[in-house]
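Below, each chain spelled out in residue letters.
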Amino acid sequence: LNSAALPCKVMPGTILSGNNILVRAFSAGNRRNSIIPANTRITRVGPINTRQKGRVLVVKPKERAYVLSGHLLSGMRWGELLLRKKWPVLLAIFLGLALHVADFFGVFCNIVEFTGETGVIRLRMPTTLSWIMWITETLLLGIAVYCVSTRVHSKLLRMTFSTFDPWAIIACVLRAWAAKAFSRHFIHLAAEHEREVHVYLLELLLELAFMVELSSLLIITEAADVPKDFKRVFVGICFTYSVILAAVAFSYPYLPEWDREAKLQLDFLFFVSMTPLSQYIGAFQVIAALLAKAAVSVLIYKQDFMYLRCHYDICLDQLEACFVKLAVTDPSILIFDDFSTLLQSWGISEDHIYAGFNRLDVDQSGRVSLAQFKVSLRDIFSRYPGASDHALFTRFCQSAFEDSMSYASLSSMLATVFGQWRKIRIDQFGKLLYRNFTRHREILSIFKRDRMRTQALLFGAFIHAALDSLRDKNFTKTSLEMTSVGLRHRHYGIKPQYLCLFQLSILNTLDDQLNGLSLHSEIAWSVVWTNFVTTSFLRGLLHFDEIRSEMVPTILELLQQARKKENCVKILIKNMKMMGGPRDSIQAVFRDEEHEHRHLGVLLGYLEQVLRKLLENKIASARQTIRLAAKVHWDRKILPRYMLTFQHAMALTFQEMGLFFPQETETKWMVFMHCEVLEILLLEPFAGTQRKVEEWASNLGTDEVDFKAWKSLMQLAQVDDKFAEVGWERLHTHCSKPVVQTHDVIKLFGDKGMQHSSWSFEKVIQDYCQLLPPGNRDTSFLSH
């Protein structure tokens, strides 16, 4: 059912139950103001119980949805009295407690005095009026218990009994009754009124029934779906009653049937001696203290329960509340459009939204029922009970995306890398890394053999320092440090192509030290090392912008010449075998050498297509070509080590075929493979934001970014002009160079998108352009 907001003046957030109330609300206009909360839109009615014991109406106020799962323990017939006419029940409770206080003073009873061991004791003798009063107070409280019990909700009752206060109330009520029973028993025995002994037993039973009714009422009122005003007045009445009994018993010396000095020695606890009156006073003092807490909850914090220390909406079923928020078109079914609309407003990326909905839609029907929704999300909601819906769905969609891509988040990758590095001894790792690295003949010549131990320790220390700088996730600081290291290595005769062999040696050494490296671990190490270490190191080692501007035509011509040679792929396979590497895992992928021969031929064709598109400034299309191959590579377990091996083996192939391949061209080949192939392959699952920036860069028609071009990007991300200027200022601070190029912007937002992979393109850009305090401004990570 859907209706317009109703102009009512009842407290919002009331939880209504019962189809009959709904019918009356719409059939009797003069009644609906007292039934439907103000500004309420009815979204759906829960399933009808055939036993007439639980029909839950779900209502949705303007600000939040209140949904209470479970059912009412009894029907609505008498409970409606509490919803619309609460004062008769409150009057019954007030009169019942008032009569009990009068009974405490001995009203309508004949008082007989006699002298006991500790002085004059007053004995109460019942009359007809006193019997009528006792029965009346018990009946009044019994009627109140019955009326309130018709509104008790199963879930609230379970939640109430999970707290301390209800059990304390039960214990105190039984304690007070037992104290009074002991006092009456010993006084009647001392007075030797044999006929009255049988009478007082009946009095004790009536007293016990009254006290049980009182404790039940104090508990079930918390678990009942009753108006807040009812709870406020009820708590006030019960608190006043408890204070009066405790105060009178403590200070009034002429109470009937109490011997103030009498003590009871418990035989089974020889060290315990109790005064019944003090026990009675203590019991009602504790009840008064508990009711004082309840009064603070319902009077000062007006949306809270009496004993449950929480707000109404926290106690409600969060899963069902989320479903109500999401299912706008059809309240009983969640469709993708509704799911996507809300999650996009939270800034979750489209790829993650698709993955999240696919996990919910188990039967792939495009429609998710409430039962499917609860089964899919129950674990993550129970694991993080205090988290917001936004945070929970972000985490759920992230998990679904990782599972669908067989790819972990950046945080998970960093945790894998740090966890495995802790298992390794740095000195042993350094020695093995030095041995693997110097297996390549071109590397051995740059190191002195008499300094092998020192160099091995330096290798281990360098990796440890690089990983340590990533622990606080200050990626800007890490990039600056690695760029500085690259600058220092310009004077050591280090060639850029050595970085490929160094990374390959690291992965092979990890494989040896950890007794095997899984695909997940190898991708984690490759992503972390490639993106945060190698890229920044290259920026310091090379004149990056000059090389990238000249790289594409040179490598395209070189690759075209190589592919014309019939023996190109054969020489490439020979060089890859000569380099060694993960041959066992590759042989598991390819059926035979002919199969691998075809694969490498296709790969070279892909690279030529990429270079042609880059030459035409079709950046987005070129990188999409590489990304299409990424999923195939990881699904077939073609590891990053294979691509690193291919990169260096291809350089050797160019030389062996007699092509013009000087040092400058070799450097360009390395930069091309690193920036346009390996990075794109590894970071494909994080490329949601980067793809949008690449499309923007492809449409610019120039490699340089001025403020006009920057504003066009900001317009795509729906960023205001004021914040666009803030982002422009930050961009120049980051780059620390007069002319910003498109690949700088792509790299910047690619990294930001990777750090927040579940964020949408708009949210990443908007977050970057927010005003930051002066102390929090980033320093350059693109500077040389």
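These lines cover the structure that appears in this document, whether it is placed above or below.

Parameters and conventions
- Residues numbered from 1 in each chain as written.
- Predicted model: local features only at pLDDT ≥ 70, side-chain atom pairs only at ≥ 80, totals over all residues.
- Heavy atoms only, no water.
- Helix = DSSP H or I, 4+ residues; strand = E, 2+ residues; numbered from the N terminus.
- Contact = heavy atoms within 4.5 Å.
- Areas by Shrake-Rupley, 256 points an atom, 1.4 Å probe, with all protein chains shown as cover.
- Salt bridge = Lys/Arg side-chain N within 4 Å of Asp/Glu carboxyl O.
- Buried < 20%, exposed > 50% of the residue type's maximum accessible area, 1.4 Å probe, protein only.
- Expected span 1.5 Å × (residues − 1).
- Patch = residues over 30% accessible without salt bridge, like charges linked within 9 Å, V, L, I, M, F, W, Y side chains within 5 Å.
- Polar contact = N/O pair within 3.5 Å; in protein donor to acceptor, adjacent residues only side chain to side chain.
- Phe/Tyr/Trp six-rings, centres within 6.5 Å; stacked < 30°, edge-to-face > 60°.
- Lys NZ or Arg CZ within 6 Å of the ring centre and 35° of its normal.
- Core = buried A, V, L, I, M, F, W, Y, C linked by side-chain atoms within 4.5 Å.

## Regarding the overall build of the protein chain
- A tally of helices and strands in the protein chain yields 34 helices and 10 strands.
- Counted over contacts in the protein chain with a minimum sequence separation of 6, partners at least 24 positions apart contribute 75%.
- Accessible surface computed for the protein chain: about 35500 Å², of which carbon and sulfur atoms make up 56%.

## Looking at the pattern of salt bridges
- What the rule picks out here adds up to 20 salt bridges.
- Two residues, Arg548 and Glu676, come together in a salt bridge whose shortest N-O distance is 2.7 Å. Remark: Glu676 occurs in helix H29 (residues 663–682) and Arg548 occurs in helix H23 (residues 544–564); sequence separation between them is 128 residues.
- By relative accessible area, which is 4% here, Glu676 ends up buried.
- As a salt-bridge pair, Glu679 and Lys747 come within 3.5 Å of each other at their nearest N and O atoms. With a gap of 68 residues between them, Glu679 in helix H29 and Lys747 in helix H33 (residues 742–755) connect regions that are remote in the sequence.
- Given a relative accessible area of 10%, Glu679 falls into the buried group.
- By relative accessible area, which is 13% here, Lys747 ends up buried.
- Bridged by salt links that share partners, the residues Arg548, Arg623, Arg627, Glu676 and Glu694 form one connected network.

## What about helix H21 (residues 497–513)?
- The terminal C-alpha atoms of H21, which comprises 17 residues, lie 25 Å apart, in line with the 24 Å expected from a rise of 1.5 Å per residue.
- Burial within H21 is extensive, with 14 of its 17 residues counted as buried.
- Where H21 terminates, the next one or two residues include Asn515, which has phi positive at roughly 55 degrees.

## Structural notes on a nonpolar patch on the surface
- The grouping of Phe105, Val107, Phe108, Leu129, Ile132, Tyr252 and Tyr254 at the surface amounts to a nonpolar patch, some 660 Å² of accessible area in total.
- A residue is classified by how much of its surface remains accessible, and Phe105, at 34% relative accessible area, is partly exposed.

## Some words on the side chain of His352
- Examined against the element boundaries, His352 turns out to sit in helix H13 (residues 350–360).
- A polar contact of 2.7 Å, which involves the side chain of His352, links it to the side chain of Ser349.
- Setting aside its immediate chain neighbours within four residues, His352 contacts Cys397, Gln398, Phe401, Ser757 and Ser758.

## Re the packing of aromatic side chains
- In this structure the tally under the stated criterion is 31 aromatic pairs.
- Pairing Phe437 with Phe502 gives two aromatic rings, centres 5.3 Å apart and planes at 70 degrees, and the pair type is edge-to-face. Pair noted here: Phe437 is in helix H17 (residues 426–437) and Phe502 is in helix H21, with a separation of 65 residues, a long-range link. Here Phe437 and Phe502 have matching classes, each one buried.
- Here Phe462 and Phe502 contribute two aromatic rings whose centre-to-centre distance is 6.3 Å and whose plane-to-plane angle is 50 degrees, an arrangement assigned as tilted. Of this pair, Phe462 sits in helix H19 (residues 452–468) while Phe502 sits in helix H21; the two residues are 40 residues apart in sequence, bridging distant segments of the chain.
- For Phe462, a relative accessible area of 22% puts it in the partly exposed group.
- Taking the relative accessible area as the measure of exposure, Phe502 reaches 8% and is therefore buried.
- Members of the aromatic cluster, each reached through a chain of ring pairs, are Phe323, Phe336, Phe339, Trp346, Tyr354, Phe357, Phe373 and Phe393.
- Just above the ring of Phe418 sits the side chain of Arg471; from NZ or CZ to the centre is 4.4 Å.

## A closer look at the nonpolar core
- Counting residues in each nonpolar core, the largest one holds 95 residues, and the members touching the most others are Phe646, Met650, Phe654, Trp669 and Phe672.
- For Phe646, the residues in contact, after removing those within four places along its chain, are Leu572, Met576, Leu600, Leu603, Leu604, Leu607, Trp669 and Met673.
- Core analysis: the next-biggest nonpolar cluster, separate from the first, contains 55 residues, Leu90, Cys172, Met211 and Ala283 among them.

## Some points on unusual backbone geometry
- Backbone geometry at Asn515 places phi at a positive 55 degrees, although glycine is not the residue there.
- Considering the arrangement of structural elements, one finds Asn515 in the loop between H21 and helix H22 (519–541).
- A relative accessible area of 75% places Asn515 in the exposed class.
- Backbone geometry at Asn617 places phi at a positive 65 degrees, although glycine is not the residue there.
- Among the structural elements, Asn617 can be located in the loop between helix H26 (593–615) and helix H27 (619–635).
- In this structure Asn617 comes out as buried when scored by relative accessible area, which is 17%.

## Regarding helix H24 (residues 568–579)
- Under the 1.5 Å per step criterion, the end-to-end length of H24 is 17 Å for 12 residues, consistent within 8% with the ideal 16 Å.
- By the burial criterion, the buried members of H24 are Cys568, Val569, Ile571, Leu572, Ile573, Asn575, Met576 and Met579.
- For H24, the elements touching its buried residues are H21, H23, H26 and helix H28 (640–656).

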